[in-house]
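A closer look at the structure
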Amino acid sequence: MARIGVFVCHCGENIARTVNCAKVAEEAAKMPGVVYALDYKYMCSDPGQEIILKAIKEHRLTSVVVAACSPHMHEKTFRGTASRGGLNPYMCEQANIREHCSWVHESIPEGTDKAIDIVRTLVAKVMRDQPLDVIKVPVTKRCMVIGGGIAGIQAALDVAAAGYEVVLVERQASIGGHMSQLSETFPTLDCSQCILTPRMVEVAQHPKIKLYTFSEVEAVSGYVGNFKVKIRRKARYVKEEVCIRCGLCTQKCPAKKIPNEFNCGLDNRTAIHVPFPQAVPNIPRIDRENCTWFQKGKCGVCKKICPVNAVDYEMEDKIVEEDIGAIVVATGYELYDIAGNDPNGLYSGYGEYGKGKYADVIDGLQFERLASASGPTGGEIRRPSDGKEPKTIAFLACIGSRDNQKGISFCSNICCMYLAKHAMLYEHKVHGGKGYIFYMDIRSGGKSYDEFVRRAVEEDHVCYVRGRVSKVYKRGDKIVLRGTDTLLGRPIELEADMVVLATAVTPSPGVEKLAQMLGIPYDKYKFLSEAHPKLRPVETVTAGIYLAGCCQGPKDIPLTVAQASGAASKVLALLSRSELEREPTVAKVDETTCVACWCCYEVCPYNAIEKKEIRDRKGNLIKMVANVNRGLCQGCGLCAATCRSGSIDLAGFNDEQLMAEIEALAQVR
Amino acid sequence: MEILALNPPGSEKDIEAINARLETLDPDAAKSVETCYQCGKCTAGCPAADQMEFPPNQIIRLVQIGQVNVALKSVGIWRCVSCETCSTRCPQKVNIAGVMNTLRLMARERGIQPADREADMFHQAFLQNVRMFGRLFEPMLVGIYNMRSMHLFHDADKGPLLLSKGKLPLFPTSSDSARVRRLFKKALESK
Amino acid sequence: MTYAYYPGCSLEGTAGDYNESTQAVCRALGVPLKEVPDWVCCGTTPAHETNQLLVTSLGVKNLASARSVSDKVVVPCAACYNRLKSANYEISHDKALKAKALNAAEVSYDGDAQVLHVIELLVREIGLEKLKAAVKKPLKGLAVASYYGCLLVRPERIMKFDDAEDPQTMDQVVAAVGGDVVDWPGKVDCCGASAAIPHTETVLKQVNQILTDAKACGADVVAVACPLCQNNLDLRQLDIRKKIGKDHNIPILYITQLVGLALGLSASELALQKLVVDATPVLKAKGVL
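Residues numbered from 1 in each chain as written. Chains lettered and ligands numbered in written order. Predicted model: local features only at pLDDT ≥ 70, side-chain atom pairs only at ≥ 80, totals over all residues. Heavy atoms only, no water.

Digging into the overall build of chain A
In terms of helices and strands, chain A carries 18 helices and 34 strands. Along the first, second and third principal axes, the C-alpha set of chain A runs to 90 × 80 × 40 Å. Burial statistics for chain A: of 669 residues in total, 54% are counted as buried. Considering only residue pairs separated by 6 or more positions, chain A has 70% of its internal contacts joining residues 24 or more positions apart. Total accessible area on chain A stands at roughly 29,400 Å², and carbon and sulfur atoms take up 51% of it. Charge separation in chain A, taken as the distance between the mean sites of 85 positive and 79 negative side-chain charges, equals 4 Å. (Helix = DSSP H or I, 4+ residues; strand = E, 2+ residues; numbered from the N terminus. Buried < 20%, exposed > 50% of the residue type's maximum accessible area, 1.4 Å probe, protein only. Contact = heavy atoms within 4.5 Å. Areas by Shrake-Rupley, 256 points an atom, 1.4 Å probe, with all protein chains shown as cover. Lys, Arg positive; Asp, Glu negative; His and termini not counted. Charge placed at Lys NZ, Arg CZ, Asp CG, Glu CD.)

The following block contains the structure:
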């Protein structure tokens, strides 16, 4: 016979404002099976939990209902309390009378009535609760990091430092990401290469880190602690283990007119090339699309000249498999293309800023290359069209960002700061040069950030103009800006030699494919979604998969590194355990009635349904049935709802319990 | 300069009326003037902003703070030439040109004398002309406008030139004028 | 098929050359036009700024009339085109307004007259291939800056004419008749429109800028598709010379006049003599005339 205790929480005033909690407890005491009911101001607090513990003992409770906030908030807390009181934790249920009740009602009678109804349904359910045991799964003590920018590098180094093996997968031929393209970094003006490249070398040399560059994740299966990953190692056409990095091939390659991606198209590279001098690994690869050998069957210079015979035109993509326990996604960002060449059609580009047709209208990353000592101009600010030193540069903030018309409503977070830095560097480098920043708001909330912006204005005399520019166009060899100074309320015109657009930060192309493979959600812009915006910022809703850096949303280097270390600490917490406990609220198939229609297989969002063969002793196939992989199942219940033969039930939410809840709700008050 | 009150009594109704009209004008555009975050791009591209005491973004601001009355009496709303550059480039999809026209219509409904006397006279002369003939008779339009506005010799050099080029008709063409007069009457008297 | 033809008031007055050249080009291409019976003024900016019902009523009155001739109505004037297309849009979105407008205009009409600008007629109805085939005297070597102004392309969601920042349709016509397309930034700038009379200074400032940009990009002539734009760009060069001291002296031709020249029509058939800035010298110099 069930002996149920009901505990009604006031949640300070959150619930008590619109629910008469004493009345709810009083009514609950009259419900069938309830032997004890009480209300208290903060049930989740220490004295609150003491009340529950004491009641379990004194009233020999078999199950508990806590009427409080959402189970998302405190189910763990109260199940822990029940467990300490000697109950099976799954004999404790939480009735949500806050989000589902007090917060959406305005009067006490209304709120109280509904709270009583909610409590009644949970009492009916808890009466049919069965003790459940947590599921234990083993852990493969290896981590995969996807993306080798600063986020991926930081996460990989942190995990490896704790002694666990890391597989770092990078799509490009070198690690380093966009940070390797930056000149100097705000707010301290550290040289980006100087602080990044030692980290890149550390990755390459770390005995615990296995580096796959020019590689992409092809398939992911399994579940937390037990992922199986297929990685495509794309053919470089240069044998990594043979190449001695002499550089002869890149010097002699005759195909020299290919836009250099690393320098954002500001200069050219050869077909066989190393992305940049400090690349890790420092091994060339052949760009097949632009190589004369591959396109016309002629040339072969690199192969002929290579002293160690490392060039291999016959090389093919290889698929490698890795067993992985935890995954960090750090796929980074790309910049908004003002020409509007977005494969998904999300972003429409800027006709009013020339749609990319003016050579001297460049983006923030291109300016980084111009200002970088390793860039195409050796760090001299020269404009792309004619190589002249620009005497006036206009920097435009919020290009693509905060612009619903162009497809984006979010703020890109980094532009205010890097524009201040750009303008500052420009004024340092070009004597007599004048920088103008057209902005809407200056967002400089980070540590020492606002001081940095003020320094740009007060010491370097960067001119800030509040107002968006309506149009940018060419007049002779000048770029004309039609703008406004909203502080004056007047339209203004500026003739500049060059324009730098702080284009929006957008997720890396193709990230949605990876997200689908991993079973993690993303928002409408394809930024990956964290499990909770405040309390679980580096986790995803899929156990064992974590996020770091700009794949989750635009952020600067300090935030990215902090988040990467956060993700690494989550990985370490996971890998340091010998086995994992998983919620036992998973689906179960009744094999005797399953007809193998595979409707469950079709609907399962987590690929947790497997096709299982049932054979007799001789090995003859008797029938096929659905089987739930308890490691993968997240207990969403879709299969149970879909099953035509009623063969699937969800532990902790079985049909009997749900029907009892409905009946309790349908009772006439 | 006058000190402005924020959201004076009754201003909510004015803002609501403007928002409601924005919705019928273009359901795809921003639903309310609150959507404007005052970036100034409208003013930046406006061909007439230099002629306005309140340029477009400030007209929107006046509406945002409930000072519709000030906006209705402004020169700005009449200097707007309805080129729609502002609405086209607005990052927040605010139909600024729609707000401008709504304010002009409101000013007319409330009998507020347009602050831009010349533009008003020109428009009224135009409509009178159309009401009379069904079609516009350009020479008469300029003539009447010049007389009323006392700019007697405005473009006086153009007449002979245009005449010599055969660009000016000597007589008006009348078209369906009885029905047009009824149309004007019904439209202007409709509530 | 026969198209309904709505010339609009200006084409009976200051833009007679636009009227004559449009009709001549259509005749030469074998496209029958029938004038909308009893058409009246579209109301344009003055009505639009005075009373919504008035301007919509004028629109539906004309559209209903056009519908009696054809389901497609060709409009050369960008302002009329904008107004008639807007009237269609307004009655499709505001049922109450529609009922009142039909009552005031004393017509029945259901928004089913398709409004075509004369450029759309050339590009989308006749087709560039057919136009190219009909060219007798290609405008070889004549650099043409296509000026679209406001009303053809904006508001983009209603006009759906072309890209609102860098439209190409008129340039395609220019290219089809053998002219050199000028890539220039002034395509969709506003000429100042109806401020021409009450506030000429706004127009002078705008036109001065537009013509400066066109010439800087190498234009010999500017092609327009709106009587008010033509008037402002052409006639106001006199005021600019006097008040700003800049002599642009660049001919402003209607797109139909340029097409007509390529089709081998004579200067008088296209009423070139009505242009204020004489186009003859440059056309002769380029061998077009």
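Re the pairing of strand S33 (residues 621–628) of chain A
All names here are of chain A. Relative to S33, strand S32 (residues 609–615) runs antiparallel, the two being bridged by seven bridges. If you follow Lys612 over to S33, its bridge partner there is Val625. The turn linking S32 back onto S33 is made up of five residues, and Gly619 within it adopts a positive phi angle of 95 degrees. (Pairing = 2+ DSSP bridges.)

Some remarks on the domain arrangement of chain A
When the parts of a complex come together, some accessible area is lost, and that lost area is often used as the size of the interface. All names here are of chain A. What the domain assignment lists for chain A is domain 1 (4–127), domain 2 (142–234 + 317–332 + 508–575), domain 3 (248–305), domain 4 (334–506) and domain 5 (587–650). Relative to domain 3, the C-alpha centre of domain 2 lies at a distance of 28 Å. The interface of domain 2 with domain 3 comprises 13 residues on the first partner and 10 residues on the second. In total, domain 2 and domain 3 occlude about 890 Å² of area from one another, counting both sides; carbon and sulfur atoms represent 68% of this. (Domains from an automatic or database assignment. Buried area = accessible area lost by both parts, 1.4 Å probe.)

Some points on the interface of chain C and chain B
The interface of chain C with chain B comprises 65 residues on the first partner and 65 residues on the second. Sorting the residues of chain C by area buried against chain B places Glu49, Arg157 and Ile197 of chain C first, and these three jointly supply 13% of that buried surface. In this assembly, chain C and chain B are joined by 13 salt bridges. Summed over the shared surface of chain C and chain B, the result is 33 residue pairs in polar contact (both at pLDDT 80 or more). Among the elements of the structure, helix H2 (44–48), helix H3 (52–67), helix H4 (78–93), helix H5 (95–105), helix H9 (200–216), helix H10 (227–235) and helix H11 (237–244) of chain C are those that each provide at least two residues to the side of chain C that touches chain B. Ranked by residues supplied to the side of chain C that touches chain B, first place goes to H3 of chain C with six residues. Classifying every residue of the side of chain C that touches chain B gives 27 nonpolar, 21 polar and 17 charged. (Salt bridge = Lys/Arg side-chain N within 4 Å of Asp/Glu carboxyl O. Polar contact = N/O pair within 3.5 Å; in protein donor to acceptor, adjacent residues only side chain to side chain. Nonpolar A, V, L, I, M, F, W, Y, C, P; charged D, E, K, R; others polar.)

Section: the nonpolar core
Formed by 134 residues in total, the largest nonpolar core has its most connected members in Ile119, Val222 and Leu233 of chain C. Inspection of this core shows a minimum of three residues originating in each of domain 1 (3–117) and domain 2 (128–285) of chain C. Dropping the residues within four chain positions of it, Ile119 of chain C is found in contact with Leu152, Phe161, Thr169, Met170, Val173, Ala225 and Ile255 of chain C. Judged by nonpolar contacts, the second largest core, of 101 residues, contains Cys143, Ala156, Leu157 and Val628 of chain A. (Core = buried A, V, L, I, M, F, W, Y, C linked by side-chain atoms within 4.5 Å.)

Topic: unusual backbone geometry
Residues and elements named next belong to chain A. Between Phe186 and the following residue, Pro187, the backbone shows a cis peptide bond with an omega angle of -5 degrees. The residue Pro187 is located in the loop between strand S8 (184–185) and strand S9 (190–191) in this model. A cis amide bond links Val280 with the next residue in sequence, Pro281, at an omega value of -5 degrees.

Description of the interface of chain A and chain B
Contact residues are listed per partner, giving 21 residues for chain A and 21 residues for chain B. Buried surface at the junction of chain A and chain B, both sides included, amounts to about 1,600 Å², of which 48% is carbon and sulfur. Here chain A and chain B share one salt bridge between them. Of the charged contacts in the structure, one is a salt bridge between Glu352 of chain A and Lys41 of chain B, with a shortest N-O distance of 2.8 Å. If you look at where chain A meets chain B, you find 11 residue pairs in polar contact (both at pLDDT 80 or more). For the side of chain A that touches chain B, the secondary structure elements donating two or more residues are strand S25 (478–485) and strand S26 (490–496) of chain A. In terms of residue count, S25 of chain A provides more of the side of chain A that touches chain B than any other element does, three residues in total.

Side note on the domain arrangement of chain C
Residue and element names in this part refer to chain C. Per the domain assignment, the segments making up chain C are domain 1 (3–117) and domain 2 (128–285). The distance between the C-alpha centroids of domain 1 and domain 2 comes to 23 Å. Taken residue by residue, the interface counts 25 residues in domain 1 and 28 residues in domain 2. Taken together, both faces of the contact between domain 1 and domain 2 bury some 2,100 Å²; the carbon and sulfur share is 69%. Broken down residue by residue, the surface that domain 1 buries against domain 2 is led by Asp17, Tyr18 and Leu29, which jointly contribute 25%. Linking domain 1 with domain 2 are one salt bridge. Residue Lys274 is joined to Glu20 by a salt bridge in which the shortest nitrogen-to-oxygen separation is 3.4 Å. The interface formed by domain 1 and domain 2 holds eight residue pairs in polar contact (both at pLDDT 80 or more) in total. Every element with two or more residues in the side of domain 1 that touches domain 2 is listed here: helix H1 (16–28) and H4.

As for helix H14 (residues 511–518) of chain A
All names here are of chain A. Buried within H14 we find Val511, Glu512, Leu514, Ala515 and Leu518. An end-on view of H14 places all buried positions within 160 degrees of arc, on one side of the element. Residues of H14 that are exposed and angled more than 90 degrees away from the buried face: Lys513 and Gln516. Contacts from the buried residues of H14 go to strand S6 (142–146), strand S11 (215–223), strand S18 (326–329), strand S28 (505–507) and strand S29 (545–547). Taken from the residues just after H14, Gly519 is the one with a positive phi, measuring 70 degrees. (Arc of directions from axis to C-beta.)

Quick notes on the packing of H3 of chain C against H4 of chain C
All names here are of chain C. Following both chains from N to C, one finds H3 and H4 inclined at 105 degrees, their axes separated by 9 Å at the closest point. Here H3 lies roughly perpendicular to H4, going by the angle between them. In contact with Gln52, Val55, Thr56, Gly59, Val60, Asn62 and Leu63 of H3, H4 contributes Arg83, Leu84, Ala87, Asn88, Glu90 and Ile91. Classifying every residue of the contact of H3 with H4 by side-chain character gives six nonpolar, five polar and two charged. (Axes fitted to C-alpha atoms, helices over the stretch in contact; angles between N-to-C directions. Parallel < 35°, antiparallel > 145°, perpendicular 65-115°, else oblique.)

Digging into the sheet that holds S25 of chain A
Residue and element names in this part refer to chain A. Pairing within the open sheet is antiparallel, and its three strands lie in the order S24-S25-S26. The sheet terminates laterally at strand S24 (471–475) and S26, the two strands that pair on one side only. Here the average twist between neighbouring strands, direction ignored, is 25 degrees. Inspection of the sheet shows S24 paired to S25 by five bridges, in the antiparallel sense. Bridging from a neighbouring strand, Lys474 pairs with Ile479 of S25.

Remarks on the pattern of salt bridges
Under the counting rule described, the total for this entry stands at 80 salt bridges over all chains. Residues Glu216 of chain A and Lys234 of chain A are paired through a salt bridge, measuring 3.0 Å at the closest nitrogen-oxygen approach. Of this pair, Glu216 of chain A sits in strand S11 while Lys234 of chain A sits in the loop between strand S12 (226–233) and helix H8 (248–252), placing them 18 residues apart in sequence. The exposure class assigned to Lys234 of chain A is partly exposed, which follows from its relative accessible area of 22%. One network of salt bridges, in which partners are shared, links Lys471, Arg475, Arg482, Glu493 and Glu495 of chain A together with Asp189 and Asp213 of chain C.

Some remarks on the sheet that holds strand S5 (residues 143–146) of chain C
Residues and elements named next belong to chain C. Ordered in space as S6-S5-S7-S8, the four strands form an open sheet in which the pairing is parallel. Single-partner strands in this sheet number two, and they are strand S6 (180–181) and strand S8 (252–254). In the sheet, S5 pairs with S6 via two bridges, with the strands oriented parallel. Within S6, the residue paired with Ala143 across the bridge is Asp180.

Topic: the environment of Gln172 of chain C
All names here are of chain C. Here Gln172 shows up in helix H8 (residues 169–176). We classify Gln172 as partly exposed; its relative accessible area is 37%. With 26 residues separating them along the chain, Gln172 and Ser146 place their C-alpha atoms 9.7 Å apart.

Details of the packing of H9 of chain C against H11 of chain C
All names here are of chain C. Across the interface, H9 lies against H11 with an axial gap of 10 Å and an inter-helix angle of 100 degrees. What the angle tells us is that H9 and H11 run roughly perpendicular. Listed contacts from H11 to Thr200, Leu204, Val207, Asn208 and Leu211 of H9 are Gln237, Asp239, Ile240, Lys243 and Ile244. Here the residues of the contact of H9 with H11 are counted per class, giving five nonpolar, three polar and two charged.

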